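Structure at a glance
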Amino acid sequence: MLRELKTFVTVARLGTFAAAGQQVGLTQSAVSAQMRVLEQHLGVRLFDRSGRAAVLNAAGRHALPLAEQMLALYAQMALPQAADQWQGELRVGAIATLQTGLLAEALPRFRQLAPLVELKLVPGVSLQLFSQLDAGELDLALLIKPPFALPKELLEVPLAREPFVLIAPLEVVGDDPLRLLAEQPFVRYDRASFGGRQVSRFLREQRLNVREALELDEVEAIVRLVENGMGVSLVPRAGLWLQRPTRLRVIELGELTFHRELVALLRRAQRQPALDCLLSCLDLQN
C-alpha cells in the first residue's frame, strides 16, 4: 500500500492524475487504478473528480497529512543513527541575506556532522520559497515570517529578529527619519515581498506619502543605489553591506523601529534527523 500512498500524495500536490503519472513514472490509467485501490481499502472517496482535475474532498484533505506522516515514518526506518552516516539530498531554500548570513555560518558545522548529505541550495524570495515548500519541492525554507496563518502541516522555527533602519546618501543632511522619508526620493523594498509589506504598513501608519524612485526586492542592490545617490530607503539591518565600508548614513528609527522575523519552515510529516541537525547548527549562530 506504500506505493499507492506515494502516488496519492503526488496527485494531491500536482492536481491531476496525468501530472502525477509523469512524476512517478506511471501512465494516467495506472495512477487512476492505484487511487481506486486505495479508496477501496479505505472505504471512502478521496477526490472530487472534475474533468482533468483531481481535487481533494474532505476525506482526502483529512487523509493527506496522515499519508505524509506514514511515508515519513517508513523512510525514517532506514535512516542510520549516526549523523556521519546520513545520506541523500537535502533541498534548502533561502532568501539572499540568510544565504550569506546565518546559513553560511552554519553550513561548515553541518558539513562536519553530516559529510555524506548532499545539500542543494535554492535561492528565492520569501513568497516563492514558501510556495516551493508547500508544493514539496523543498525540504526546508529559510525566509521572512509569512504575514498569514500557516497550514497546519507546516512547522515554524524562529531564527532571528532584525530591525529596520533608514539609509541615506552621505550628502543628505538631517536625522529625522520621517522628514527624510517625506522630502527625499524613496527606493522602495518591493511591496509584494513579505519584508516590503512591513515597509508599506509603516508608511501607512506614519501617514507618509513618499516620492518613489525605484522598487526592487534585493537588499544589497537597494544599498548600492542609496550609496550612489538614488534616494533614501528602509531596509533591515542585515546582509553583506554591514560587513564592508559603506558610503551611506544609517539612521535608527528609535521608538518607531519595526522588525522582520526570520524563520525556518518545514513539513511536520517530513521532519528527519538531518533537518534537525541543520536547524541546530543554525540555532548555534544566534
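Remember, it's a predicted structure, so these values are computed and weren't measured experimentally.

**A short note on the packing of aromatic side chains**
- Taken as a whole and judged by the stated rule, the model has seven aromatic pairs.
- When the ring of Phe148 is compared with that of Phe194, the centres are 5.9 Å apart and the planes differ by 80°; the resulting orientation is edge-to-face. Of the two residues, Phe148 is situated in the loop between strand S5 (140-144) and strand S6 (154-169) and Phe194 in helix H9 (residues 194-205); the sequence distance between them amounts to 46 residues.
- For Phe148, a relative accessible area of 34% puts it in the partly exposed group.
- What makes Phe194 buried here is its relative accessible area of 3%.
- On the numbers, 4.5 Å between centres and 15° between planes, the contact of Phe164 with Phe258 is stacked. A residue pair is termed long-range when its members are at least 10 positions apart, and Phe164 in strand S6 and Phe258 in the loop between strand S10 (248-251) and strand S11 (259-267) qualify at 94 residues. There is no split in this pair, since Phe164 and Phe258 are both buried.
- Aromatic rings pair up to connect Phe164, Tyr189, Phe202 and Phe258 into one cluster.

**Overview of the domain arrangement of the protein chain**
- Looking at the assigned domains, one finds that the protein chain contains domain 1 (1-78), domain 2 (83-160 + 262-282) and domain 3 (162-258).
- Spacing between the C-alpha centres of domain 2 and domain 3 amounts to 28 Å.
- Each partner contributes residues to the interface: domain 2 has 13 residues there, and domain 3 has 12 residues.
- Across the interface of domain 2 and domain 3, roughly 940 Å² is buried in total on both sides, 71% from carbon and sulfur atoms.
- Broken down residue by residue, the surface that domain 2 buries against domain 3 is led by Thr97, Thr100 and Ile144, which jointly contribute 43%.

**Looking at the nonpolar core**
- By size, the foremost hydrophobic cluster in this structure holds 68 residues, and its most contacted members are Leu140, Leu142, Ile167, Leu181, Leu203, Leu234 and Leu282.
- A total of eight residues in this core trace back to one element, the largest contributor, which is S6.
- Of the domains in this structure, domain 2 (83-160 + 262-282) and domain 3 (162-258) are the two that each give at least three residues to this core.
- In this structure Leu142 touches Val92, Gly93, Ala94, Ile95, Leu98, Leu103, Leu129, Leu159, Val263, Ala264 and Leu282, once residues within four positions along its chain are discounted.

**Some thoughts on the pairing of strand S7 (residues 185-189)**
- Across the five residues that make up S7, a large majority, four, are buried.
- As paired strands, S7 and strand S8 (residues 211-216) are joined by five bridges and run parallel to one another. Considered in S8, the bridge of Val187 is made with Leu214.
- Remark: the S7/H9/S8 crossover connection has right-handed handedness.

**What about the side chain of Arg260?**
- Relative to the elements of secondary structure, Arg260 occurs in strand S11.
- Judged by its relative accessible area of 1%, Arg260 is buried.
- Here Thr97 takes part through its side chain, which lies 2.8 Å from a polar atom of the side chain of Arg260.
- A distance of 2.7 Å separates the side chain of Arg260 from the side chain of Glu162, its partner in a polar contact.
- Excluding its chain neighbours within four sequence positions, the residues that come into contact with Arg260 are Ile95, Thr97, Ile144, Ala160, Arg161, Glu162, Phe164, Tyr189, Gln198, Pro236 and Ala238.

**Quick notes on the pattern of salt bridges**
- Inspection of the entire model under this criterion finds 15 salt bridges.
- A salt bridge links Arg13 to Glu68, with the nearest nitrogen and oxygen atoms 3.4 Å apart. One end of the pair, Arg13, is in helix H1 (residues 2-14); the other, Glu68, is in helix H4 (residues 58-76), and 55 residues separate them in sequence.
- For Arg13, a relative accessible area of 30% corresponds to the partly exposed category.
- Relative accessible area serves as the criterion here: at 6%, Glu68 is assigned to the buried category.

**Notes on the environment of Pro177**
- Checked against the element boundaries, Pro177 lands in helix H8 (residues 177-183).
- Ignoring anything within four residues of it in the chain, the contact list for Pro177 reads Leu166, Ile251, Glu252 and Leu253.

**Comments concerning the pairing of strand S2 (residues 53-56)**
- Only one face of S2 is buried, namely the one carrying Ala54 and Leu56, since none of Ala53 and Val55 on the opposite face is buried.
- Sheet analysis places strand S1 (residues 47-50) next to S2, joined by four bridges and oriented antiparallel. When the sheet's bridge partners are listed, Phe47 is paired in S2 with Leu56.

Procedures and definitions
Residues numbered from 1 in each chain as written. Predicted model: local features only at pLDDT ≥ 70, side-chain atom pairs only at ≥ 80, totals over all residues. Heavy atoms only, no water. Phe/Tyr/Trp six-rings, centres within 6.5 Å; stacked < 30°, edge-to-face > 60°. Helix = DSSP H or I, 4+ residues; strand = E, 2+ residues; numbered from the N terminus. Buried < 20%, exposed > 50% of the residue type's maximum accessible area, 1.4 Å probe, protein only. Domains from an automatic or database assignment. Contact = heavy atoms within 4.5 Å. Buried area = accessible area lost by both parts, 1.4 Å probe. Core = buried A, V, L, I, M, F, W, Y, C linked by side-chain atoms within 4.5 Å. Pairing = 2+ DSSP bridges. Right-handed = clockwise from strand over helix to strand, strands pointing away. Polar contact = N/O pair within 3.5 Å; in protein donor to acceptor, adjacent residues only side chain to side chain. Salt bridge = Lys/Arg side-chain N within 4 Å of Asp/Glu carboxyl O.

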